[in-house]
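Chain and residue survey
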Amino acid sequence: MSSFTANEDYETIVGIDLGTTFSCISAYNPTEKKVEVIPLAQGRTMPSWVAFTPEGKTVGHPAKSQVASNPNNTVYDVKRFIGRPFNDEIVKEECKGFPFKVVDGGNGDPRVEVEWRGATKQLAPEEISSFVLAELKQAAEKHLGKEVKSAVITVPAHFNNQQRQATKDAGRIAGLNVRRIINEPTAAALAYGLHNADEEKAGKEKTDKSNVVIFDLGGGTFDVTCLTMNGGVFEVKATGGDTHLGGEDFDNLVVEWCKTQILEKHGKEKAALFDKSNRAMSRLRRACETAKRALSSGTTTNIEVDSLVEDVDFNVALSRAKFEELNAKLFQDCLDTVTAVLKDAGVKNSEVTDIVLVGGSTRVPILQTKLGEMFSGRIELCKSIHPDEAVAIGAAVQGHILATGGKGGGQDLGVSTDLLLLDVTPLSLGIELEGRVMSTLIKRNTAIPCKKTRTYSTVDDWQTEIDVVVYEGERPHIDGNNKLGSFVISGVQKARAGEPKVDVTFSLDANGILVVSAEDQVTGAKANAEIKAEAGRLTKEEVDKMIADSEKYKEADEELAKKLELKSLLEEAIFECNSLAKEKKDEAGVREIENMMDWLELDSDQANYEDMKKKAISLEDKWGVRII
Ligand code: AMP
């Protein structure tokens, strides 16, 4: 693919899909007048994985491919706990499944503990995500031939205030000015609108108003959004889903089933050994994910892991039917969510005109079949935009519209700018009243940006201070909702209970980030902004330090990335040479290659790039393979 022409006058605002499992980056190409996915070192998406080693850190494919030998220092899925407190039940549950350690950072926030450059380090989830973002930024800079300073980053539709703030912080640490946080399904819809506009240009029939359901099932999150599209204007009607449902849950259930198979076939002792080994667990998990993917095209597959523990070569057949049975409840949950969102949106099944599938897990055939059935086979599921790329493309469309200054921008792509103003807030927002009751100011599914004011009073005579405690959630009692923060307004009119009048105002900006203020109508006393400050969990000093750290280690990290890339090429070549040597019945050659395999597995961590290059050249010379 040719690089974009660097257009000095055009401020590129890249679009980033910071996924739980994979990430993708896209940008508007001013020369071609279209949005393109930026090619990465290996392919167009990259695992959102970061690995730490004594030499440095590595991100993406090289990080994922070394997990078996370094499971405790290979970090993934941080999106599952970014912006959540350490004692959150969800965080506790998630952490049980990770081979890496998540600890309380001392202030109630989770920190990932890794061995990095010979020392134990605690890193914020924001920092880990920033490494992924920085890698994507760098790829974009290389491709575009210019510095990339700004981005639009996507988040799941029902990410709360803190999760959005934390994502913004991750961007800042990566050196990006995060111009907007947008919801993933809205981004997918933008990409879809773009695609439709292209089809219209190509002479296809123009449809009037359409009701679109975006079904977005990724690795770790699930979002359903219902929106209307009318002449290029999109209006989100309702959104719902589960921030903890995705392809990895399908993998987990397959892993659990494999564990019963290990016990049955190999006995208690081996099963206990398996339970103790992080390495075995991550190898099995990978094999289960591969099997799941294979079952999207075939109807049966094998889960195979040689030497899983000690001498156990694990091998078991898994059919698509069994996979569907294991996950039946989760699949049903997905469909029930679609029904609930349509109800919220006030749209009947018969009024839905399109279903857009986004996210890798929508490739599971039974989900496609069931969704088709739900709409009586009347609607063809729209898979024409690549499910892994749609979100990043939509984010770049938003970036382009922002770059061209709002109104008018985007016309060259065939979409209106207005659509961006029509997203909704995923959770109701309100304050605590006497008796732990939630008083909602902004209802779920209200279009953003928005501002709402309500007047409240005191509960005690002569009370001059009021605690304003802000929550998000749908429960009538605040106990079931999520506390966002609190502040005190002092100087309230000294009067009998119920007499003072204090206006509380909630302003929700286009990023879905909330600012709360309170003002006494009589005394004019004011308090505000505390919610916002509290929601961004890292202090400016912490963010600045993280930025400085990432600069400090940049060179060493680049060197390591180069080495690991060569290592994976060398691995492939060794397998090829091994077959060649066996074919030629060259016993000395086989031994030599086996030695090299051992070296690669056991000792190559101590080697530098040059050592590895020497090995590669010797293989090239002897066996005629191409590595470098
Ligand atoms: P995303 O977060 O959208 O990148 O989705 C990643 C998830 O999609 C992971 O859980 C993958 O295992 C899953 N996935 C990718 N390809 C397939 C496939 N062919 N069949 C089933 N699941 C898949």
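If you look the protein chain up in an unreviewed UniProt entry, it shows as Heat shock protein 70 from Triparma columacea.

So, about the site of the ligand. Near the ligand you find 15 residues, and of these Thr21, Glu289, Lys292, Ser296 and Arg363 are the closest. Glycine 219 is positioned with one of its backbone polar atoms (N or O) 3.0 Å from an oxygen atom of the ligand. Glutamate 289 has a polar side-chain atom sitting 2.5 Å from an oxygen atom of the ligand. Protein chains shield 89% of the accessible area of the ligand, which is 500 Å² for the free molecule.

Strands in a sheet are paired, the pairing made by backbone hydrogen bonds, and the direction either parallel or antiparallel. Pairing within the open sheet is antiparallel, and its 4 strands lie in the order β24-β27-β28-β29. Every other strand in the sheet has two partners, leaving β24 (450-456) and β29 (526-528) as the edge strands with one partner each. Pairwise comparison of adjacent strand axes, ignoring direction, gives a mean angle of 15 degrees for this sheet. By the bridge criterion, 3 bridges tie strand β28 (residues 514-520) to β29 in an arrangement that is antiparallel. In the strand pairing of β29, glutamate 519 is matched with lysine 526.

Turning to the packing of aromatic side chains, a few remarks are in order. Per the stated rule, a full pass over the model turns up 13 aromatic pairs. Here the aromatic rings of phenylalanine 81 and phenylalanine 98 are separated by 5.8 Å at their centres, their planes lie at 55 degrees, and the arrangement is tilted. Linking phenylalanine 81 in the loop between β7 (74-75) and α2 (89-96) with phenylalanine 98 in the loop between α2 and β8 (101-104), this pair joins segments that are 17 residues apart in sequence. Phenylalanine 98 carries the same exposure label as phenylalanine 81, and that label is buried. Ring centres 6.4 Å apart and planes at 85 degrees place the aromatic pair phenylalanine 250 and phenylalanine 323 in the edge-to-face group. Here phenylalanine 250 is found in helix α6 (residues 247-276), whereas its partner phenylalanine 323 is found in helix α8 (residues 320-326), with 73 residues between them in sequence.

Right, let's get into the layout of surface pockets. Empty space among the atoms can be located by rolling a probe the size of a water molecule over them. Of the volumes computed, that of the second largest pocket is approximately 1,000 Å³. Along its surface, the second largest pocket is lined by 33 residues, and Ala134, Glu135, Gln138, Ala139 and Glu558 are the ones closest to its centre. For the lining of the second largest pocket, the secondary-structure elements that each account for two or more residues are β6 (57-59), α1 (61-65), α3 (125-144), α13 (540-552) and α14 (554-583). Looking at the lining of the second largest pocket, its residues break down into 13 nonpolar, 9 polar and 11 charged. For the lining of the second largest pocket, the domains that each give at least three residues are domain 1 (1-205 + 389-422) and domain 4 (554-623).

With respect to the helices and strands, serine 130 occurs in helix α3. Residue serine 130 is classed as buried on the basis of its relative accessible area of 2%. Among the polar contacts made by the side chain of serine 130, one reaches the main-chain carbonyl oxygen of glutamate 127 at a distance of 2.6 Å. With residues up to four places along the chain from it excluded, the contact list for serine 130 reads Ala170, Ile173 and Ala174.

Negative charge collects at one region of the surface, where Glu555, Glu558, Glu559, Glu610 and Asp611 lie side by side. Looking at the negative patch, the elements that each hand over two or more residues are α14 and α16 (609-623). Looking at the negative patch element by element, the count peaks at 3 residues for α14. As for its placement among the helices and strands, glutamate 559 is situated in helix α14.

Further remarks concern the sheet that holds β8. Spatial ordering of the open sheet is given by β8-β9-β10, a layout of 3 strands whose pairing is antiparallel. Looking along the sheet, the strands with just one partner apiece sit at the ends: β8 and β10 (119-123). Adjacent strand axes in the sheet meet at a mean angle of 40 degrees when their direction is disregarded. Relative to strand β9 (residues 110-116), β8 runs antiparallel, the two being bridged by 4 bridges. Of the residues in β9, the one forming a bridge with valine 103 is arginine 111.

So, on to helix α7 (residues 278-294). Look at α7: 24 Å from first C-alpha to last across 17 residues, which is about the 24 Å you get at 1.5 Å a residue. Burial in α7 covers these residues: Ala280, Ser282, Leu284, Arg285, Ala287, Cys288, Glu289, Ala291 and Lys292. Among the structural elements, α1, α6, β16 (300-309), β17 (312-319) and α8 are those in contact with the buried residues of α7. Two to three positions downstream of the cap, the backbone nitrogen of alanine 280 sits 2.9 Å from a side-chain oxygen, assigning the N-cap of α7 to serine 277.

Quick look at unusual backbone geometry now. If you check the backbone angles, lysine 33 has positive phi at about 55 degrees while not being a glycine. Along the polypeptide, lysine 33 turns up in the loop between β2 (22-29) and β3 (34-37). With a phi angle near 45 degrees, serine 307 is a residue other than glycine that sits in the positive phi range. As for its position among the elements, serine 307 is in strand β16.

Moving on to the confidence of the model for the protein chain. Across the protein chain, the average pLDDT comes to 85, with 89% of residues at 70 or higher. Across residues 1-6, where pLDDT falls below 50, the model places 16 contacts with residues more than four positions away in sequence or in other chains.

Once that is clear, we can look at the packing of helix α9 (residues 328-345) against helix α10 (residues 365-374). Two elements in contact, α9 and α10, have axes separated by 11 Å at closest approach and are oriented at 35 degrees. Two packed elements cross with a definite hand, and for α9 against α10 that hand is right-handed. When α9 is examined against α10, the residues Phe331, Cys334, Leu335, Val338 and Thr339 are found in contact with a partner set consisting of Ile366, Leu367, Lys370, Leu371 and Met374. The residue makeup of the contact of α9 with α10, split by class, is 8 nonpolar, 1 polar and 1 charged.

What follows is about the pattern of salt bridges. The final tally for this structure, using the stated rule, is 27 salt bridges. Connected through salt bridges with shared partners, the residues Asp77, Arg80, Glu94, Glu248 and Asp249 form a single ionic network.

Moving on, we get to the packing of helix α15 (residues 587-603) against α16. Axes are the key here: two packed helices are described by the angle between their axes and the distance separating the axes. Interhelical geometry of α15 versus α16 gives an angle of 160 degrees and a closest axis separation of 12 Å. Taken together, the axis directions place α15 and α16 in an arrangement best described as roughly antiparallel. Handedness of the α15/α16 crossing: left-handed. Seen from α15, the contacting residues are Gly589, Glu592, Ile593, Met596 and Trp599; seen from α16, they are Met612, Lys615, Ser618, Leu619, Lys622 and Trp623. In the contact of α15 with α16, the residues fall into 6 nonpolar, 2 polar and 3 charged.

This part covers the environment of isoleucine 478. You can see isoleucine 478 is positioned in the loop between β25 (465-472) and β26 (482-490). Taking the relative accessible area as the measure of exposure, isoleucine 478 reaches 1% and is therefore buried. Placed 42 residues apart in sequence, isoleucine 478 and arginine 436 show a C-alpha to C-alpha distance of 5.6 Å.

So, how was this worked out
- Residues numbered from 1 in each chain as written.
- Predicted model: local features only at pLDDT ≥ 70, side-chain atom pairs only at ≥ 80, totals over all residues.
- Heavy atoms only, no water.
- Near = heavy atom within 4 Å.
- Polar contact = N/O pair within 3.5 Å; in protein donor to acceptor, adjacent residues only side chain to side chain.
- Areas by Shrake-Rupley, 256 points an atom, 1.4 Å probe, with all protein chains shown as cover.
- Pairing = 2+ DSSP bridges.
- Helix = DSSP H or I, 4+ residues; strand = E, 2+ residues; numbered from the N terminus.
- Axes fitted to C-alpha atoms, helices over the stretch in contact; angles between N-to-C directions.
- Phe/Tyr/Trp six-rings, centres within 6.5 Å; stacked < 30°, edge-to-face > 60°.
- Buried < 20%, exposed > 50% of the residue type's maximum accessible area, 1.4 Å probe, protein only.
- 1 Å grid on protein atoms, 1.4 Å probe; cavity = no way out; pocket = protein on both sides within 12 Å on 5 of 7 lines; lining within 4 Å.
- Points joined across faces, edges and corners; volume = space filled by probe spheres on them.
- Nonpolar A, V, L, I, M, F, W, Y, C, P; charged D, E, K, R; others polar.
- Domains from an automatic or database assignment.
- Contact = heavy atoms within 4.5 Å.
- Patch = residues over 30% accessible without salt bridge, like charges linked within 9 Å, V, L, I, M, F, W, Y side chains within 5 Å.
- Salt bridge = Lys/Arg side-chain N within 4 Å of Asp/Glu carboxyl O.
- Lys, Arg positive; Asp, Glu negative; His and termini not counted.
- Charge placed at Lys NZ, Arg CZ, Asp CG, Glu CD.
- Expected span 1.5 Å × (residues − 1).
- pLDDT = per-residue confidence, 0-100.
- Left-handed = near helix turned anticlockwise from the far one by under 90°.
- Parallel < 35°, antiparallel > 145°, perpendicular 65-115°, else oblique.

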